[in-house]
Amino acid sequence: MINRTIGIDLAIRGDHVAQIYDDGRPVGRPIRFRHEAGSLDAFMAQATAGLGSGDPILEMNGESYRRRAAARRQSAKVDGPHCLA
């Protein structure tokens, strides 16, 4: 099982930037994406590449995610305090 963590810097203007870590080690270069369907689909394809169905795929972090994480926890399997599967 891979323990994948994804750190995301959300931008108000411009590209968002994400970095994927597997077992604490960076995977590839930072990923730039926009809040558009095609860009988000490409980001999610990279974020989930090589994961099994039970592997955690995203770790919410920072104050900006608290409300979103709380809402998603109601419908998602939680693995850790801020990790959604």
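Residues numbered from 1 in each chain as written. Predicted model: local features only at pLDDT ≥ 70, side-chain atom pairs only at ≥ 80, totals over all residues. Heavy atoms only, no water.

Draft legend 1. Spatial organisation of the side chain of Arg4. Its place among the elements puts Arg4 in strand β1 (residues 4-9). A polar contact of 2.9 Å, which involves the side chain of Arg4, links it to the backbone oxygen of Ala49. (Helix = DSSP H or I, 4+ residues; strand = E, 2+ residues; numbered from the N terminus. Polar contact = N/O pair within 3.5 Å; in protein donor to acceptor, adjacent residues only side chain to side chain.)

Draft legend 2. Region of interest: the pattern of salt bridges. According to the stated counting rule, one finds two salt bridges in the structure shown. We note a salt bridge from Asp22 to Arg4, for which the minimum N-O separation is 2.6 Å. Separated by 18 residues along the polypeptide, Asp22 in strand β2 (residues 16-22) and Arg4 in strand β1 bring together distant segments of the chain. Since its relative accessible area comes to 5%, Arg4 is described here as buried. (Salt bridge = Lys/Arg side-chain N within 4 Å of Asp/Glu carboxyl O. Buried < 20%, exposed > 50% of the residue type's maximum accessible area, 1.4 Å probe, protein only.)

Draft legend 3. Layout of the sheet that holds β1. Strand order across the open sheet formed by three strands is β1-β2-β3, with antiparallel pairing between neighbours. The sheet terminates laterally at β1 and β3 (25-33), the two strands that pair on one side only. Neighbouring strand axes in the sheet, compared pairwise and without regard to direction, differ in orientation by 20° on average. In this sheet, β3 lies alongside β2 in antiparallel orientation, the contact comprising six bridges. Bridge pairing in β3 places Asp22 opposite Arg25. Across the sheet, helix α1 (residues 37-48) lies against β1, β2 and β3, angled at about 150° from β1, the strand it touches most. (Pairing = 2+ DSSP bridges. Axes fitted to C-alpha atoms, helices over the stretch in contact; angles between N-to-C directions. Contact = heavy atoms within 4.5 Å.)

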